[in-house]
Amino acid sequence: QPLEPIFFASFDQLIDVQAVLNTIQVTADNQTVGIQLASEAEIAADETVNRLVKNSAENRWIAFRAQQPLPADASIVVTIGPGTPSAEGPRPTTEAQTFSFQTYAPLRITDHHCGWYEAECPPLSPFFIQFNNPIDTELYDASMLQINPDLPGVNVNIFGGDLQIHGVTQGRTTYRVRVSGDIQDVFGQTLGQDELLSFKVGSAPEFLSGPDQPFITLDPSAAKPVFSVYSINYDRLNVEVYAVEPSDWRDYRDYLDNQWQDPPPSPPGRKVMDESVAVDAQDDVLTETSIDLTQALEGDYGHLIVIVKPPAGLLTRERYENQPVQAWVQVTQI
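Every value quoted in this text rests on a predicted model; they were computed, and no experiment measured them.

Novice: Explain the side chain of Asn-133 here, please?
Specialist: Mapped onto the elements of the fold, Asn-133 is located in the loop between β9 (127–131) and β10 (145–148). A polar contact of 2.8 Å, which involves the side chain of Asn-133, links it to the backbone oxygen of Ala-105. Excluding residues that lie within four positions of it along the chain, Asn-133 makes contacts with Tyr-104, Ala-105, Pro-106, Leu-107, Gly-160, Gly-161, Asp-185, Phe-187 and Gln-189.

Right under this line is the structure:
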């Protein structure tokens, strides 16, 4: 919280604000703080308190402030009563009511980590930098972060005091991020001096992805019909292709719905391709593999079910975590 807040309290009965103020005590790290009523101008300038006042019954609220700015990084305790009087009758409060908060501290970095891991994280996971105070996003500039080595596709998001860095990180690489001392929080404080943070990216687990739709139509303007998948740390992929007709669509939907049976069902159609395709990739680098479907077609157009799987024997996790990439592929002139 800021160092010069306006305190607001509302009551269930009419009050005399000065009489109530006399029963309120504010401490900062156990040291008594002098207080006074807030002026109309001070209330109007505080958006939150102004709204609270407008939504409160007349003569049932009090707004006050400390006579001097509160100390930074301090525990503030507000105690109302006992003995707080009502303007409606003779019975005062019999117990103290308290609330507390912390004033802001000098801006500092409290933590940094890679992805959701403590030591190292796989490629493509974000970097996190945590500050103790919210960062002023209007004053933030991209030059306030310097990343070495360069991070392709870098994107920075700020949520309060959390700064997230996304990008195409490479495996087995340590990234160093220099945070400028000019970065500023919402209280006008800067970090003061540059800080150098390290993020260790380890090796990536095997990964395979492709179209996320059960039916796709290839681009008719392409030089040849190509089905693309994306993988990390696979040097080969098994490809099965089945020639089908539109009349096989219902059977294809049934096949998709029953894949979790043991044993799983076979896809409809006639198998026209069953081979292992080499992946030209570096370790820990997301790689696109384009599978040429020309030989699987009888002519220039047709319908195919394409299934791409990691090589047999490499699947070490549960089967539901290793779904093959598959789709009904329509090749047309449209």
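Novice: Is there a simple way to think about the state of the cysteines in this case?
Specialist: A covalent bond between the sulfur atoms of two cysteines is referred to as a disulfide. With the rule as written, the count across this model stands at one disulfide. Two residues share a disulfide in this structure: Cys-114 and Cys-121, whose sulfurs sit 1.9 Å from each other.

Novice: How should I be thinking about the packing of aromatic side chains in this particular structure?
Specialist: Pairs of aromatic rings are described using the distance from one ring centre to the other and the angle between the two planes. This structure, assessed with the given rule, holds eleven aromatic pairs. Taking 5.7 Å as the distance between ring centres and 55 degrees as the angle between the ring planes, the aromatic pair formed by Phe-127 and Tyr-175 counts as tilted. Taken together, the residues Phe-127 in strand β9 and Tyr-175 in strand β13 (residues 173–179) connect sequence positions 48 residues apart. Comparing Phe-127 with Tyr-175, the two get one shared label, buried. Considering the side-chain rings of Trp-249 and Tyr-252, the 5.4 Å spacing of their centres and the 45 degrees angle between planes classify their relative orientation as tilted. Of this pair, Trp-249 and Tyr-252 both sit in helix α4 (residues 249–257), three residues apart, roughly one helical turn.

Novice: What should I look at first to understand the pattern of salt bridges in this one?
Specialist: Two side chains bearing opposite charge may form a pair once their charged atoms approach each other closely. This model, assessed by the stated rule, comprises seven salt bridges. Taking the shortest distance from any N to any O, the salt bridge between Asp-284 and Arg-172 comes out at 2.6 Å. Remark: Arg-172 occurs in the loop between β12 (162–166) and β13 and Asp-284 occurs in the loop between β19 (270–278) and β20 (287–292); sequence separation between them is 112 residues. For Asp-284, a relative accessible area of 2% gives the class buried. For the salt bridge of Lys-271 with Asp-274, the shortest nitrogen-to-oxygen distance reads 3.3 Å. Judged by its relative accessible area of 51%, Asp-274 is exposed.

Novice: How do you make sense of the side chain of Thr-84 when you look at a structure like this?
Specialist: Here Thr-84 is to be found in the loop between β6 (75–80) and β7 (97–102). Within the structure, the side chain of Thr-84 is placed 2.9 Å from the side chain of Thr-23, a separation counted as a polar contact. At 3.2 Å, the side chain of Thr-84 and the backbone nitrogen of Gly-81 are in polar contact. Ignoring anything within four residues of it in the chain, the contact list for Thr-84 reads Phe-11, Val-20, Thr-23, Pro-92 and Thr-93.

Novice: Can you help me understand α4 in this one?
Specialist: Residues spaced three or four apart along an α-helix face the same direction, because each turn holds 3.6 residues. Among all positions of α4, only Tyr-252, Tyr-255 and Leu-256 are buried. All buried residues of α4 project into a common sector of 95 degrees when viewed along the axis, lining one side. More than 90 degrees from the buried face of α4, the exposed residues found are Arg-250 and Asp-257. On its buried face, α4 is in contact with β21 (302–309) and β22 (325–331).

Novice: Please clarify how a nonpolar patch on the surface should be interpreted in this entry.
Specialist: Nonpolar side chains collect at one region of the surface, where Leu-124, Val-168, Phe-207, Tyr-230 and Leu-286 lie side by side and expose about 400 Å² of accessible area between them. Inspection of the secondary structure puts Tyr-230 in strand β17 (residues 226–232).

Novice: Just to check I follow, could you spell out the sheet that holds β9 for this structure?
Specialist: What links the strands of a sheet is backbone hydrogen bonding, and the strands pair in either a parallel or an antiparallel sense. Taken in spatial order, the four strands make up an open sheet running β8-β9-β12-β11, and their pairing is antiparallel. Sheet topology places β8 (109–114) and β11 (155–159) at the edges, where each strand pairs with a single neighbour. Strand-to-strand, the axes of this sheet are offset by a mean angle of 15 degrees, without reference to chain direction. The pairing of β9 with β12 spans four bridges and is classified as antiparallel. Within the sheet, the bridge partner assigned to Ile-129 lies in β12 and is Leu-163.

Novice: It is not clear to me how the sheet that holds β20 should be interpreted in this structure. Could you clarify?
Specialist: Pairing in this open sheet of three strands is antiparallel, and the strands run β15-β17-β20 from one edge to the other. With partners counted over all chains shown, the strands left at the sheet margins are β15 (207–209) and β20, one partner each. The mean angle between the axes of side-by-side strands here comes to 25 degrees, regardless of whether they run parallel or antiparallel. Bridge analysis of β17 against β20 gives six bridges, and the strand direction is antiparallel. In the sheet register, Ser-228 faces β20, and the bridge partner there is Ser-290.

Reading the values: rules and limits
Residues numbered from 1 in each chain as written. Predicted model: local features only at pLDDT ≥ 70, side-chain atom pairs only at ≥ 80, totals over all residues. Heavy atoms only, no water. Helix = DSSP H or I, 4+ residues; strand = E, 2+ residues; numbered from the N terminus. Polar contact = N/O pair within 3.5 Å; in protein donor to acceptor, adjacent residues only side chain to side chain. Contact = heavy atoms within 4.5 Å. Disulfide = S-S within 2.5 Å. Phe/Tyr/Trp six-rings, centres within 6.5 Å; stacked < 30°, edge-to-face > 60°. Buried < 20%, exposed > 50% of the residue type's maximum accessible area, 1.4 Å probe, protein only. Salt bridge = Lys/Arg side-chain N within 4 Å of Asp/Glu carboxyl O. Arc of directions from axis to C-beta. Patch = residues over 30% accessible without salt bridge, like charges linked within 9 Å, V, L, I, M, F, W, Y side chains within 5 Å. Areas by Shrake-Rupley, 256 points an atom, 1.4 Å probe, with all protein chains shown as cover. Pairing = 2+ DSSP bridges. Axes fitted to C-alpha atoms, helices over the stretch in contact; angles between N-to-C directions.

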